[in-house]
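Chain and residue survey
One-letter residues, chain by chain:
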Amino acid sequence: MADKTNIFKILMIFATMFLIYGLLVVFDYFFHLQKYKSYKLSNQIITGRKQTEDRKYLKAVKEEGYEFIVYPYLYADNKALKKFAKNLDIIPVNGQPNSKVYYCNEGYGLIKFKTDRLGFRNNDLVWDKINDTKKKIVFIGDSYTQGACVKENELISGQFDNFITYNLGHDGNNPAIYSTLSKLFVPRIKPKFVIQLFYVNDFNDVNANFFAKNLKAKDLEKRYFKNDKEIELSDEILTSINNAKKIITEIPTPLPGERPNVFSRGVRYLSLPTLRMYFSLTYNKYFFKLSDTTKYSMNILKEICSDVKCKPIVGFITNSQFWEPNPLTEKLRSQVKDYTSKIGVDFIDFTEEINSLGELARAPKGRHMSPAGYKVIADKIKKSLLVFD
């Protein structure tokens, strides 16, 4: 009798736990619907653009021989690529070189270009000017640095006629990748200025440790390039990039704006994503601190610039509360500013200039900058360089 009572108690405990969990899943779903109201319009604009414009553009550029960019972040974010990258000693921090690639569309048409010899978005000829006496600027960052969804002459780095500029930005980059880029390229380019641009989504350290292993790799610089004099990718890195491109190409991808099936959309709520995000934001609202990876990216930049006699500068690009609301924006901005002050690195805050344009600073169908938005960032950098130089 006692055994039956104990079994009944255990079953009741499990049933109660299951009921509570089920209620939490249901609550998470309806909580999501309530939160979704605040960005429903922006999502509708993006989804409509993907379905009516991006699908058409994508078909056309593929027929023209353009490729998807192998972004560095995919080595940690894509399941198949992550499995492949775990066996690499060095994870590439550039895309495929000398390739016709398509990028993004946020209202100005699908941007496409040819990558340079290293897989970045530069005129390839800049790499022949490494030893030029003209002043040089290196830009390190993510999609905003890469010039998401605008033409070549509208990039931040494309608006400095009195300098040779090197754009090392890639969509999805994070501070661990910034550190690797600084270590690999700044000593070889020997620029006058290095400008590392942060955006509000750079402070999530989910994939930081994955890329941090680059900094521990033996003979990183020697293995990344063919020799000490030329800036040419080694066979090891080229092989990794080509293999990654092959893996990406073989993965079936949904059409732009295509929604997952009902089952897939429902399953995602089993992990209580809305509640977890809410508690994470609430916690960080009071206890957020810059990660060691973020701090290290600024420290290593300062250290390298001290060796090669360049001026390190850190900038902060704010977000749009319409396209990408983030309650931590001000906290992120102030902590980056405080830390740069602490370590003696110059800081540029673009918040006032961007906000003064309102939504005209943003693309009409996405979260990135409009040409006017990128221009105010470039203009403030130019003014700041006169002071910092």
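Look up a bit, the structure's there.
First, a word on what this report is: a plain description of the structure on this page. (Residues numbered from 1 in each chain as written. Predicted model: local features only at pLDDT ≥ 70, side-chain atom pairs only at ≥ 80, totals over all residues. Heavy atoms only, no water.)

Some points on the overall build of the protein chain
Secondary structure summary: the protein chain contains 15 helices and eight strands in total. Relative to the globule expectation of 21 Å for 389 residues, the C-alpha radius of gyration of the protein chain, 23 Å, shows essentially globular dimensions. Taken along its principal axes, the extent of the C-alpha atoms in the protein chain is 90 × 45 × 45 Å. For the protein chain, the residues scored as buried account for 49% of the 389 residues in total. On the protein chain, roughly 20,500 Å² of surface is accessible, and the fraction owed to carbon and sulfur atoms is 56%. (Helix = DSSP H or I, 4+ residues; strand = E, 2+ residues; numbered from the N terminus. Rg over C-alpha atoms; globule rule 2.2 N^0.38 Å. Buried < 20%, exposed > 50% of the residue type's maximum accessible area, 1.4 Å probe, protein only. Areas by Shrake-Rupley, 256 points an atom, 1.4 Å probe, with all protein chains shown as cover.)

Description of the sheet that holds strand β1 (residues 67-68)
In space, the three strands of this open sheet follow the order β1-β2-β3, with mixed pairing throughout. If you trace the sheet from one side to the other, it starts and ends with β1 and β3 (112-114), each paired once. Of the strand pairs in this sheet, strand β2 (residues 100-102) and β3 are connected by three bridges, and their pairing is antiparallel. Paired with Val101 across the strands is Phe113, a residue of β3. (Pairing = 2+ DSSP bridges.)

What about the packing of aromatic side chains?
A full pass over the atoms with the stated rule returns 24 aromatic pairs. Centre to centre, the rings of Tyr71 and Tyr103 are 6.3 Å apart; their planes meet at 45°, and the pair counts as tilted. Of the two residues, Tyr71 sits in the loop between β1 and α3 (74-77) while Tyr103 sits in the loop between β2 and β3, which places them 32 residues apart along the sequence. Looking at Tyr103, the relative accessible area reads 8%, which means it is buried. Between the aromatic rings of Phe163 and Phe193, the centroid separation amounts to 6.1 Å while the plane-to-plane angle is 65°, which identifies the pairing as edge-to-face. Placement of Phe163 in the loop between α5 (143-146) and β5 (164-167) and of Phe193 in strand β6 (residues 193-199) is noted, with a sequence separation of 30 residues between them. Both residues of the pair, Phe163 and Phe193, belong to the buried class. Every member of this aromatic cluster is reached through a ring pair, and the members are Phe68, Tyr71, Tyr73, Tyr102, Tyr103 and Phe113. The cationic tip of Lys100 hangs over the ring face of Tyr66; the distance from NZ or CZ to the ring centre is 4.7 Å. Taking NZ or CZ as reference, Arg268 lies 4.8 Å from the ring centre of Tyr269, over its face. (Phe/Tyr/Trp six-rings, centres within 6.5 Å; stacked < 30°, edge-to-face > 60°. Lys NZ or Arg CZ within 6 Å of the ring centre and 35° of its normal.)

Details of the side chain of Ser182
Along the chain, the position of Ser182 falls in helix α6 (residues 175-189). With near-sequence residues (within four places) excluded, Ser182 lies in contact with Ile140, Pro187, Gln196, Leu301 and Ile304. (Contact = heavy atoms within 4.5 Å.)

So, the state of the cysteines
Evaluated as defined, the whole model comprises two disulfides. With a sulfur-sulfur separation of 2.0 Å, Cys305 is cross-linked through a disulfide to Cys310. Judged by the torsion about the S-S bond (-100°), the Cys305/Cys310 disulfide is left-handed. Neither Cys305 nor Cys310 differs from the other in exposure class; each is buried. Counting its disulfide-bonded cysteines in sequence order, the protein chain shows a connectivity of 1-2, 3-4. (Disulfide = S-S within 2.5 Å.)

A word on unusual backbone geometry
Of note in the backbone geometry, Asn98 takes a positive phi value of approximately 50° without being a glycine. By the element assignment, Asn98 lies in the loop between α4 (79-85) and β2. Notably, Lys309 is not glycine yet its phi reads approximately 65°, a positive angle. In this fold, Lys309 is placed in the loop between α12 (292-308) and β7 (311-317).

Section: the environment of Lys136
Tracing the backbone through its elements, the reader meets Lys136 in strand β4 (residues 136-140). With a relative accessible area of 5%, Lys136 lands in the buried category. Sequence-wise, Lys136 and Cys310 are 174 residues apart; in three dimensions their C-alpha atoms are separated by 9.6 Å. Those residues in contact with Lys136, other than ones at most four positions away along the chain, are Lys129, Ile130, Phe163, Ile164, Tyr166, Ile189, Lys190, Pro191, Lys192 and Phe193. Within polar-contact distance, the side chain of Lys136 engages the backbone oxygen of Asp132 at 3.2 Å. (Polar contact = N/O pair within 3.5 Å; in protein donor to acceptor, adjacent residues only side chain to side chain.)

Some details on the sheet that holds β5
Taken together, the five strands give an open sheet; going across it, the order is β5-β4-β6-β7-β8, and neighbouring strands pair in parallel fashion. In the strand order of this sheet, the two ends are held by β5 and β8 (346-349), each with one partner. Ignoring strand direction, the axes of neighbouring strands in this sheet form an average angle of 20°. With four bridges connecting them, β7 and β8 associate as parallel partners. Bridge assignment links Phe316 to a residue of β8, and that residue is Asp349. Where α12 meets the sheet, it contacts β6 and β7, and its direction lies at approximately 175° from that of β6. Against the sheet, helix α15 (residues 371-388) touches β4, β6, β7 and β8, its axis set at about 150° to β8. (Axes fitted to C-alpha atoms, helices over the stretch in contact; angles between N-to-C directions.)

Everything listed here is a matter of coordinates, which is why it stays silent on function.
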